[in-house]
Amino acid sequence: MRKLIVIAAVSMAGLTANPTFAQTDTVTKVVAVADTMKGNVINALNSNADYTTAASAVKTANLEADLKTGGPYTIFAPNNAAFSKLSPGKLDSLMKDNGKFSTLLKSHIVTGRYGKADIIKALKAGKGKATLTTLNGQPLQLSISPTKKLQLTTADGVTAEVILYDLLGNNGIVNGIDAILLPGNSAAAAHPKS
């Protein structure tokens with residue numbers, strides 16, 4: 001039996017194929033997507049070649065089984081380029097410490113389904129800001145960056161910008177980000193002000 005996920009495609013501030021924000025407030029028709037297209041949220045993560053390191057990291061940290069069956073989840077997945085920015089040996093070091101690595105990855109995952117339309121709605125309700133709670137219990141603030149993109153900010157001030165929306169799975173959504181929310185990373189270094 002095929003179930004359908006219904007997603008309201010809302011465009012606020014130009015959230016189009018380019019995930020930047022402009023000054024529009026248009027609501028489009030509801031779009032139905034068959035959830036069997038990508039399977040679970042891990043299949044959705046694996047469906048894009050730019051996120052293979054994140055998919056491997058989830059497996060290494062022993063989070064894959066939970067993310068395949070529970071949910072719904074939203075994964076804010078760093079792309080491969082974000083992992084390549086880590087200092088030499090840092091990723092290997094993290095992967096060897098399962099507890100630390102799992103905690104780090106949980107700071108990129110929230111319970112609930114937050115696609116582009118849901119995020120826009122939350123930002124509207126919060127007058128440009130919204131806060132989600134990660135699986136490790138930490139706040140993750142959503143706001144608009146100086147470059148007019150959706151920005152995530154941790155309690156430590158580490159930031160990342162969303163660069164891809166709505167890789168759909170039947171138990172969640174993957175949104176791609178351009179940096180790893182690693183404590184100790186300088187927000188200014190990750191996204192310098194223009």
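### Details of the pairing of strand 3 (residues 73-78)
Link 1 in the chain: The buried count for strand 3 comes to six of six residues, which makes it a mostly enclosed element.
Link 2 in the chain: Because side chains alternate across strand 3, one face comprises the buried residues Y73, I75 and A77, and the other comprises T74, F76 and P78, equally buried.
Link 3 in the chain: Pairing of strand 3 with strand 4 (residues 109-111), which is carried by three bridges, proceeds in the antiparallel orientation. Bridging across to strand 4, T74 finds its partner in V110.
Link 4 in the chain: Alignment of strand 3 against strand 9 (residues 172-177), held across six bridges, turns out to be parallel. When the bridges of strand 9 are listed, T74 appears paired with I173.

### Digging into the side chain of T154
Link 1 in the chain: For T154, the position within the fold is in strand 7 (residues 150-154).
Link 2 in the chain: T154 has contacts with P139, L140 and L181, leaving out every residue within four places of it along the chain.

### Digging into the environment of A57
Link 1 in the chain: Turning to its location among the elements, A57 is positioned in helix 2 (residues 52-60).
Link 2 in the chain: Overall, the relative accessible area of 1% leaves A57 in the buried class.
Link 3 in the chain: Distance in space between the C-alpha atoms of A57 and S102 is 8.7 Å, their sequence separation being 45 residues.
Link 4 in the chain: Excluding residues within four positions of it along the chain, A57 makes contact with F83, M95, F101 and L105.

### Structural notes on the confidence of the model for the chain
Any segment with low pLDDT has predicted coordinates that should not be analysed in fine detail.
Link 1 in the chain: Taken as a whole, the chain shows an average pLDDT of 79; of its residues, 75% reach a score of 70 or greater.
Link 2 in the chain: Below a pLDDT of 50 lies the segment residues 1-37, which in the model reaches 72 contacts outside its immediate sequence neighbourhood of four places, other chains included.
Link 3 in the chain: Low pLDDT, under 50, characterises residues 186-194; the stretch is placed with nine contacts to residues that sit more than four places away or in other chains.

### Remarks on helix 7 (residues 116-125)
Link 1 in the chain: Listed as buried for helix 7 are K116, A117, I119, I120 and L123. For helix 7, the buried positions fall inside an angular range of 160 degrees around the axis, keeping them on one side. Residues of helix 7 that are exposed and point over 90 degrees away from its buried face: K121 and A125.
Link 2 in the chain: Immediately downstream of helix 7, the backbone of K127 shows phi near 55 degrees, a positive value.

### Focus on the environment of S107
Link 1 in the chain: Relative to the assigned elements, S107 resides in the loop between helix 6 (98-106) and strand 4.
Link 2 in the chain: Between the C-alpha atom of S107 and that of I180, which follows or precedes it by 73 residues, the distance is 9.6 Å.
Link 3 in the chain: What S107 contacts, discounting residues up to four positions off in sequence, is T134, N136, L140 and L181.
Link 4 in the chain: From its side chain, S107 meets the backbone oxygen of L104 in a polar contact 2.5 Å long.

### So, helix 2
Link 1 in the chain: Buried residues of helix 2: A54, A55, A57 and V58, and no others. Axial view of helix 2: buried residues confined to an arc of 160 degrees, hence all on one face.
Link 2 in the chain: Summarising the contacts, the buried residues of helix 2 are in contact with helix 1 (41-46), helix 3 (64-69), strand 3, helix 4 (80-84), helix 5 (90-96) and helix 6.
Link 3 in the chain: N62 lies just past helix 2 and shows a positive phi near 60 degrees.

Rules used throughout
- Residues numbered from 1 in each chain as written.
- Predicted model: local features only at pLDDT ≥ 70, side-chain atom pairs only at ≥ 80, totals over all residues.
- Heavy atoms only, no water.
- Buried < 20%, exposed > 50% of the residue type's maximum accessible area, 1.4 Å probe, protein only.
- Helix = DSSP H or I, 4+ residues; strand = E, 2+ residues; numbered from the N terminus.
- Pairing = 2+ DSSP bridges.
- Contact = heavy atoms within 4.5 Å.
- pLDDT = per-residue confidence, 0-100.
- Arc of directions from axis to C-beta.
- Polar contact = N/O pair within 3.5 Å; in protein donor to acceptor, adjacent residues only side chain to side chain.

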